[in-house]
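Chains, contacts and geometry: an overview
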Amino acid sequence: MSDSRSVPRGPAAPNSVFSQRAMEAGASQHAITVRLASARAARSANNAAGRAPGCTHIVQSEASATKGRTMADIFQSLNLGAISLANRVVMAPMTRSRGGPQDEPTPMMVEYYRQRAGAGLIVTEGTQPCPAGKGYWRTPGIHSEAQVEGWRLVADAVHTAGGAIVLQIMHVGRAAVRANKDPGAETVAPSAIASRDPIPGPDGTPVSPDTPRALQTAEIAGVIETFAQAASRARRAGMDGVELHCTSGYLPMQFLSTGSNRRTDRYGGTAANRVRFVVETLEAIAGVIGADRVGLGCVSFPATLSTICMMTTRRTRTLPCSTLSIRWGLPICT
Ligand SMILES: Cc1cc2nc3c(=O)[nH]c(=O)nc-3n(C[C@H](O)[C@H](O)[C@H](O)COP(=O)(O)O)c2cc1C
């Protein structure tokens, strides 16, 4: 287990609105790092560096990583945080709904990931950290021992083939259909507001999502702990790290959005409050497995969070990265 207190920290960023908001949200000791997917994103981020001192390190490292490179470089090895990649091809996470009856990874999944281990890094399909985090039919979990053993076979197969693999932790929050999950599993969210987007039920027919129960303030620490425990199990299963799924209208993003978060406590209202759930979740995960094995997947954050947007990119995919110098380096984008 890594101690987040030992992580090198970057310079204070008193003039950065971005950092200031994050610190207001309690992120003063953070060390999750990010990687921008494209040269365009890196350039855009680099332009923003002067205005975002808290992000300077990553921006510079990404900009220098892309400057003057040719396509041949994609086949060169790379150290991404604590993870060594044989090349720079990253396979995006894709839900396949091929879990077993107990939401355990199946032999078909082992073969699927083994076949794709030529990528430098695989980000697995979204994986629920707890029964309440499941919303779709037969998505795998990482909350039982059977699931840990199933993922171990996946990780072993990928490593034997020379690849690296991180597990994406996906808690869908309100984007859930009761019939897809355990009978005792609740559907919870920041507020009791149902999503309008239909979700395929067990037979594939789209149905309306559940109306969620709003989480009580006192419960939220426990939800965050499930993410940390999931990350710990992922490492125990042999995964090289984890990615927090913070896109697609799932739980972390539900906290960020004013459409799904109408809370009046410290997790709702201001941008600093709405980002708090993500901040605390990343901190909890990093505290258990080390920040150099943690990534954040984020895309198209709501414009309502523009006060904390220091980088404008069409799309940002973040992954574990090599340095730990930022306090709160989320490249929140519009
Ligand atoms: C079948 C399918 C399943 C997907 N499942 C996930 C998922 O579990 N987690 C996730 O973050 N993204 C998921 N995505 C989104 C992809 O990772 C990817 O971001 C998307 O296809 C856009 O690709 P692009 O980034 O190359 O434009 C899924 C996409 C597809 C097509």
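For the structure given in this document, a descriptive report is provided here. Computed from a prediction, not measured in an experiment: that's the story for all the values here.

1. Topic: the overall build of the chain
Helix and strand counts for the chain come out as nine helices and 12 strands. Buried positions account for 52% of the 334 residues belonging to the chain. Restricting to contacts in the chain with at least 6 residues of sequence separation, those with at least 24 account for 76%.

2. So, the pairing of strand 5 (residues 165-169)
Every regular strand shows the same layout, with side chains that alternate between the two sheet faces. Counting buried positions along strand 5 gives five out of five residues, so the element sits mostly inside the fold. Side chains I165, L167 and I169 project from strand 5 onto one buried face, and the interleaved V166 and Q168 project onto a second face that is buried too. Relative to strand 5, strand 4 (residues 121-127) is paired through four bridges, and the arrangement is parallel. Residue pairing across strands places T127 opposite I169, the latter belonging to strand 5. Handedness of the β-α-β unit built from strand 4, helix 5 (residues 145-160) and strand 5 comes out right-handed. Pairing of strand 5 with strand 10 (residues 241-245), which is carried by four bridges, proceeds in the parallel orientation. Directly across from L167, in strand 10, lies its bridge partner V242.

3. As for helix 9 (residues 276-289)
Turn by turn, an α-helix covers 3.6 residues, leaving residues three or four places apart pointing in a common direction. For helix 9, built from 14 residues, the straight-helix expectation of 20 Å at 1.5 Å per residue is met to within 8% by its first-to-last C-alpha distance of 20 Å. A positive phi of about 95 degrees marks G290, the residue just after helix 9.

4. Looking at the site of the ligand
As a structural note, the neighbourhood of the ligand is formed by A92, P93, M94, T95, E125, G126, Q168, M170, H245, T247 and G297. For the shell around the ligand, the per-class residue count stands at four nonpolar, six polar and one charged.

5. Quick notes on the pairing of strand 4
With seven of its seven residues buried, strand 4 lies for the most part within the structure. Where strand 3 (residues 90-91) meets strand 4, two bridges bridge the pair, whose relative direction is parallel. Each residue of the ladder has a partner; that of V90, found in strand 4, is L121. Considered for its hand, the β-α-β crossover made up of strand 3, helix 4 (residues 107-115) and strand 4 is right-handed.

6. A few points about the environment of A185
Along the chain, A185 turns up in the loop between strand 5 and strand 6 (188-189). On the neighbour-count criterion, A185 (17 C-beta atoms within 10 Å) is partly exposed. Sequence spacing of A185 and K134 is 51 residues, and the spatial spacing of their C-alpha atoms is 8.5 Å. Not counting residues within four places of it along the chain, the set of residues in contact with A185 comprises P131, A132 and K134.

What counts as what
Within any chain, residue numbers begin from 1 and follow the written order of that chain's sequence. In keeping with the predicted nature of the model, local features appear solely for residues at pLDDT of at least 70, side-chain atom pairs appear and are counted solely at 80 or more, and the whole-chain, interface and lining totals rest on all residues. Strands here are runs of E lasting at least two residues and helices are runs of H or I lasting at least four, both read from the DSSP assignment and numbered beginning at the N terminus. Whether a residue is buried, exposed or partly exposed follows from its count of other C-beta atoms within 10 Å of its own C-beta, namely 20 or more, 12 or fewer, or something in between, respectively; the C-beta atoms are built from the backbone. Contact between two residues is assigned when their C-beta atoms, built from the backbone, lie within 7 Å. At least two DSSP bridges between two strands are required for those strands to pair. The definition of a right-handed crossover adopted here requires that, viewed with the strands pointing away, the path from the first strand over the helix to the second runs clockwise. Expected helix span is taken as 1.5 Å per residue step, with the number of steps being one fewer than the number of residues. Residues are counted as near a molecule or strand when the C-beta atom, derived from backbone positions, lies within 6 Å of that molecule or strand. Residues were grouped as follows: Ala, Val, Leu, Ile, Met, Phe, Trp, Tyr, Cys and Pro as nonpolar; Asp, Glu, Lys and Arg as charged; and all remaining residues, including Gly, as polar.

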